[in-house]
Amino acid sequence: MARLVIASNRTAAPGESTAGGLAVALREALTERGGGLWFGWSGETHDSESRGVRLISEGNIDYALADLSEREYEGYYLGYANRSLWPVCHYRIDLARFDDEAFETYAQVNRRFGGLIHGLLRPGDRVWVHDYHFFLLGQELRNAGWRGRIGFFHHIPFPAPEVFTALPQHHRLARGLADFDLLGFQTQRDTRNFTRYMVEHHGAHHLGDGRLAVFDRTIEARAFPIGIDPAEIVAFATSESGRNDADRLSRMLADRALVLGVDRMDYSKGLLQRIQAFGSLLDEHQDLRGHVTFVQIAPPSREGLYAYQELREELDRLSGRINSNYSDLDWTPIRYLARGYPRETLAGLYRKARVGLVTPLYDGMNLVAKEYVAAQDPEDPGVLVLSEFAGAAEQLSAALIVNPYDIPTMAEAIHRGLTMPLEERRERWQELNRAVTENDIARWRRDFLAALDAHPGSEDD
Ligand code: ADQ
């Protein structure tokens, strides 16, 4: 079997704290293939432009880690990736900054990393590149002389062409993307957006079966919805530490129902609207006051960016206002915890929550929605309230689907979740759990890698 070589901005190398869904998924993909190589940024920055990679091995996985200079970190990571591409892909052109110098640094890092990876490749390797940090990595590998297959998976939304073209450098990005052989997206929605963009702006021709002829190349664009490992989440939720942490929370809640949100602190996650909806629930349903508690877990991320600092301040203000309106001697309506928790703890809390609120304004997939479903007690499951703009809504239609901008309707969905009869909760959960189990993480990586293996391929394969 061909060796798998993965490139993503961060890795799950020993000592890394990035234990999110993506890192777990990619580690499993490598382990299942009998090992392989995983390239990424080490997380270290230096004053000077340091070169080269550090190699570490763990089990059958070799990690190749490269540092960034301070200038690269500013321009590539904080700048173009997270101040231009992230907001545009999440339909927030208003928050995007377009800076040619940041783009040039982004392109330089893709070039430097492309050269480093190329030096590690062997004939016949399958290269799988991840996410918006590396739009130009396929092109740089081609420039360095690599003719083998390269796949790309886009974890975040691919917006409508009318939005993507706001990026002043979108032509260069498109040319770079066309050097991948297979491009994977989370949803049909994203695949359609990308295809329409390539057809309308770059004269791509449909060749059938998701294949496109563009820039003198044949590429394939398809949806591969990412999933989770449901058995692992069940094991976490029922583990001793998962149950202990849920019990600690239960003591604080007394007999009150729990409404739970778990997100990275990001403006795409709809946190302000969600808190407003909970406030509106308390405004409209006096009987719930004192009987329901909303816990929002949201560890800060990308704190070097102004938009994120501002969000944090607004969250503090808004939750503080609702709490000061409604708190009583023995009840605080909103508990907002700005920190991360171990996965066992999160799974234990998911299982405890009567309502799981996953209401992003836009999201590639959203693994929290799937983790919430997997963690439920089949005999007494909670209710998922899910944004129609999360990629997960394409598969999880048995959730209570809401428009996250529609605050009163979201408040009513929370109310419906809190009062839903057991039988309906069970029926909905069974359907949701089937979707989560059928589209699990193993299927995602197998389908993607099988499609990459089946691609007509390139001359050196
Ligand atoms: P994210 O935007 O990070 O990922 P999401 O998929 O919901 O969003 O979460 C990733 C992981 O982080 C989950 O496994 C979750 O358990 C964990 N996590 C979230 N909050 C946490 C907390 N407070 N403490 C500890 N862990 C926490 C991007 C895209 C998504 C896409 C994923 C995977 O934005 O749309 O689903 O990649 O492709």
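Residues numbered from 1 in each chain as written. Predicted model: local features only at pLDDT ≥ 70, side-chain atom pairs only at ≥ 80, totals over all residues. Heavy atoms only, no water.

Colleague: How would you summarise the site of the ligand if you had to cite specific residues and measurements?
Modeller: Near the ligand lie 23 residues; those nearest to it are H155, P299, D363, M365 and E371. At 2.5 Å, a side-chain N or O of D363 approaches an oxygen atom of the ligand. N366 places a main-chain nitrogen or oxygen 3.0 Å from an oxygen atom of the ligand. Starting from 710 Å² of accessible surface for the ligand in isolation, the protein chains cover 87%. Contributions of two or more residues to the shell around the ligand are made by α12 (343-352) and α13 (367-374). Top element by residues in the shell around the ligand is α13. It accounts for 3 residues. Considered class by class, the residues forming the shell around the ligand number 11 nonpolar, 6 polar and 6 charged. When we break the shell around the ligand down by domain, the ones giving at least three residues each are domain 1 (4-227 + 442-454) and domain 2 (230-438). (Near = heavy atom within 4 Å. Polar contact = N/O pair within 3.5 Å; in protein donor to acceptor, adjacent residues only side chain to side chain. Areas by Shrake-Rupley, 256 points an atom, 1.4 Å probe, with all protein chains shown as cover. Helix = DSSP H or I, 4+ residues; strand = E, 2+ residues; numbered from the N terminus. Nonpolar A, V, L, I, M, F, W, Y, C, P; charged D, E, K, R; others polar. Domains from an automatic or database assignment.)

Colleague: Summarise helix α2 (residues 70-89); cite the residues concerned and give the values.
Modeller: Counting along an α-helix, one turn takes 3.6 residues, and residues three or four places apart therefore face a common direction. Along α2, the sharpest change in direction is near 35° and occurs at A81. The buried fraction of α2 is high, at 15 of 20 residues. Phi turns positive one or two residues past the end of α2, at Y91, with a value near 65°. (Bend = angle between axes of the 7 residues up to and from the residue. Buried < 20%, exposed > 50% of the residue type's maximum accessible area, 1.4 Å probe, protein only.)

Colleague: I'd like to hear about the sheet that holds strand β12 (residues 292-297), residue by residue, with values.
Modeller: Reading across the sheet, the 6 strands line up as β13-β12-β11-β14-β15-β16 and stay open at both edges, with parallel pairing between neighbours. Strands at the two margins of the open sheet, each flanked by one partner only, are β13 (334-337) and β16 (400-402). Sheet twist, expressed as the mean angle between neighbouring strand axes with direction ignored, is 20°. The pairing of strand β11 (residues 257-262) with strand β14 (residues 355-358) spans 2 bridges and is parallel. Paired with L260 across the bridge in β14 is G356. Where α12 meets the sheet, its contacts fall on β11 and β12, and the angle it forms with β11 comes to roughly 140°. Contacts from helix α14 (residues 407-419) reach β11, β12, β14, β15 (383-387) and β16, with the element oriented near 170° to β16. (Pairing = 2+ DSSP bridges. Axes fitted to C-alpha atoms, helices over the stretch in contact; angles between N-to-C directions. Contact = heavy atoms within 4.5 Å.)

Colleague: Just give me the short version of the pattern of salt bridges, but keep the residues and values in it.
Modeller: Enumeration over the complete set of coordinates arrives at 31 salt bridges. With a closest N to O distance of 3.4 Å, E220 and R222 form a salt bridge. A relative accessible area of 8% places E220 in the buried class. Overall, the relative accessible area of 33% leaves R222 in the partly exposed class. Each of R142, R175, D179, D181 and R217 takes part in one network of salt bridges that share partners. (Salt bridge = Lys/Arg side-chain N within 4 Å of Asp/Glu carboxyl O.)

Colleague: For the sheet that holds strand β6 (residues 150-153), give the residues involved together with the corresponding values.
Modeller: In spatial order, the strands read β3-β4-β2-β1-β5-β6-β7-β10-β9-β8; together these 10 strands make up an open sheet with mixed pairing. Among the strands making up the open sheet, the edge pair consists of β3 (54-58) and β8 (205-208). Strand-to-strand twist across the sheet, computed as the mean angle between neighbouring axes with direction ignored, equals 25°. Alignment of β3 against strand β4 (residues 61-69), held across 5 bridges, turns out to be antiparallel. Residue pairing for β4: R54 is matched across the bridge by L65.

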